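# Breakdown of the fold
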Amino acid sequence: MKLKTLLLASVFALAACGSPEAATAPAADRPGGVNITANQDRVRTQKVDAVAALVPADIRARGTLVVGTTGNGTPPLSFRADDDKTVIGVEPDLAQLVADVLGLELDLRASSWENLFLSVENRQFDAGFSNVTVTEERKDKYDFATYRKDTIAFEVKSEKNLAVKEPKDIAGLTVGVGAGTNQEQILLRWDQRNKAAGLAPVKFQYYQAPSDYYLALQSGRIDLYVGPNPTSAYHVAVDGKTKVVGTVSGGGAVPADIAAMTKKDDGLVKALQQALDTVIKNGQYAEVLKRWNLTSEALPASEINPQGLPRK
């Protein structure tokens, strides 16, 4: 899934700026206890020889796992630390665990979204860890090893008494959403169903800047904000004034998964899948997701090339 909108760039900017004392304070003293410094102290694990043996010989000989990720993305996925250089987030953390299991040094490279796919296809990157949703169209060129659910969240002010489980729960509400996003399409379908059932229509509000979304939410100009769950979960953790009151699959009625991506048939995907399964079973995967407030997106096991979102 391409990052649907840079929802929390402003949150990161606010957290990363300020006095020198704030910049060097312990992680526990920062909002939500989130460590955005270059010194990440990542969760690490041990090499598993049987899994490492699955890595193609040329990568084993090189001794590095070259992973591409969109380093200028959105917290907590893959973004720049407060030194404005080091790429941090849940995606780099999971890539590090996979490299550890495979006995390889992680060579993490920041990329634009468009170049990520091209660089995996021409083997400049061995793999991409960048919130990529499995789709049937992408499976023509790439292999996938899943590691997170693709989820969209409904976020409201902390004091608001609201739960969202189905279309009727948003009838008549004023909802903020990014134009042209997956979540907008889901909401439009829900709104059509509501109107067909005689329920009040949704009032849609569109904003460009993340700060505008959250100002509108706090001021009461919108009842609800709908966006990617990771960004909402991060905002809830660091801001403390909102809560998530419901989630839905990023594919709407179709389950969707986030996955590590490799070039089709290059022989690496089985090693990635087995490495991910290893850290899922030993609990270190859960540690990483908890660190970034993404426990709700955990998968029970990694799959190779599951059913993806349908072709357009």
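Residues numbered from 1 in each chain as written. Predicted model: local features only at pLDDT ≥ 70, side-chain atom pairs only at ≥ 80, totals over all residues. Heavy atoms only, no water.

## As for the nonpolar core
Ranked by size, the top nonpolar core spans 45 residues in total, and within it Val 90, Val 98, Leu 102, Phe 129, Leu 272 and Trp 292 carry the most contacts. Looking at this core, the elements with two or more residues in it are strand S1 (64-69), helix H5 (90-101), strand S6 (142-149), helix H9 (229-239), strand S12 (257-263), helix H10 (269-282) and helix H11 (284-291). (Core = buried A, V, L, I, M, F, W, Y, C linked by side-chain atoms within 4.5 Å. Buried < 20%, exposed > 50% of the residue type's maximum accessible area, 1.4 Å probe, protein only. Helix = DSSP H or I, 4+ residues; strand = E, 2+ residues; numbered from the N terminus.)

## With respect to the sheet that holds strand S10 (residues 224-228)
Two pairing modes exist for strands in a sheet, parallel and antiparallel, and in both the strands are linked by backbone hydrogen bonds. Strand order in the open sheet formed by 5 strands is S9-S8-S10-S7-S11, and the pairing between neighbours is mixed. Both edges of this open sheet fall to strand S9 (203-205) and strand S11 (242-249), since each of them pairs with a single strand only. The mean angle between the axes of side-by-side strands here comes to 30°, regardless of whether they run parallel or antiparallel. The pairing of strand S7 (residues 151-157) with S11 spans 7 bridges and is antiparallel. Bridge pairing in S11 places Glu 155 opposite Val 244. (Pairing = 2+ DSSP bridges. Axes fitted to C-alpha atoms, helices over the stretch in contact; angles between N-to-C directions.)

## A word on the packing of aromatic side chains
A complete count under the given rule lists 9 aromatic pairs for this structure. Where Trp 113 meets Phe 117, the ring centres are 5.0 Å apart and the plane angle is 70°; that geometry is what we call edge-to-face. With Trp 113 and Phe 117 both in helix H6 (residues 113-121) and 4 residues apart, the pair spans about one turn of that helix. For the pair formed by Trp 113 and Phe 117, the shared burial category is buried. Here the aromatic rings of Phe 154 and Trp 190 are separated by 5.7 Å at their centres, their planes lie at 20°, and the arrangement is stacked. Of this pair, Phe 154 sits in strand S7 while Trp 190 sits in helix H7 (residues 182-196), and the two are 36 residues apart along the sequence. The exposure classification of Phe 154 matches that of Trp 190, with both residues buried. (Phe/Tyr/Trp six-rings, centres within 6.5 Å; stacked < 30°, edge-to-face > 60°.)

## Section: the packing of H5 against H11
Contact pair H5 / H11: the axes reach a minimum separation of 10 Å and the direction vectors enclose 165°. Of the possible angle classes, the one that applies to H5 and H11 is roughly antiparallel. Handedness of the H5/H11 crossing: right-handed. Only Gln 284, Tyr 285, Val 288, Leu 289 and Arg 291 of H11 make contact with H5, whose side of the interface consists of Val 90, Asp 93, Leu 94 and Leu 97. (Parallel < 35°, antiparallel > 145°, perpendicular 65-115°, else oblique. Left-handed = near helix turned anticlockwise from the far one by under 90°. Contact = heavy atoms within 4.5 Å.)

## Describing the pairing of S1
Among the 6 residues in S1, 6 count as buried, and that is most of the element. Neither face of S1 is left uncovered, since the one carrying Thr 64, Val 66 and Gly 68 and the one carrying Leu 65, Val 67 and Thr 69 both have all their residues buried. Direction of pairing for S1 relative to strand S4 (residues 105-110): parallel, over a ladder of 6 bridges. Bridge assignment links Val 67 to a residue of S4, and that residue is Leu 108. In terms of strand pairing, S1 meets strand S5 (residues 127-128) through 2 bridges, oriented parallel. Within the sheet, the bridge partner assigned to Val 67 lies in S5 and is Ala 127.

## Observations regarding unusual backbone geometry
For Asp 41, which is not glycine, the phi dihedral falls at a positive 50°. The topology assignment puts Asp 41 in the loop between helix H2 (20-24) and helix H3 (49-52). Despite not being glycine, Asn 305 shows a phi value in the positive range, around 50°. Of note, Asn 305 is situated in the segment after H11.

## What about the side chain of Ser 119?
Tracing the chain through its elements places Ser 119 in helix H6. Classification of Ser 119 by relative accessible area gives buried; the value is 8%. Ignoring anything within four residues of it in the chain, the contact list for Ser 119 reads Gln 124 and Phe 125.

## Side note on the pattern of salt bridges
For the structure shown, the criterion picks out 17 salt bridges. Between Asp 223 and Lys 160 there is a salt bridge, and its shortest N-O distance comes to 3.6 Å. Linking Asp 223 in the loop between helix H8 (210-219) and S10 with Lys 160 in the loop between S7 and strand S8 (174-176), this pair joins segments that are 63 residues apart in sequence. Two residues, Lys 168 and Glu 166, come together in a salt bridge whose shortest N-O distance is 3.6 Å. (Salt bridge = Lys/Arg side-chain N within 4 Å of Asp/Glu carboxyl O.)

## Some details on the side chain of Ser 302
Relative to the helices and strands, Ser 302 resides in the segment after H11. The buried category is assigned to Ser 302, whose relative accessible area is 5%. Side-chain polar atoms of Ser 302 contact the backbone oxygen of Thr 146, separated by 2.8 Å. Once residues lying within four places of it in the same chain are set aside, the contact partners of Ser 302 are Ala 145, Thr 146, Gln 273, Leu 276, Asp 277 and Ile 280. (Polar contact = N/O pair within 3.5 Å; in protein donor to acceptor, adjacent residues only side chain to side chain.)

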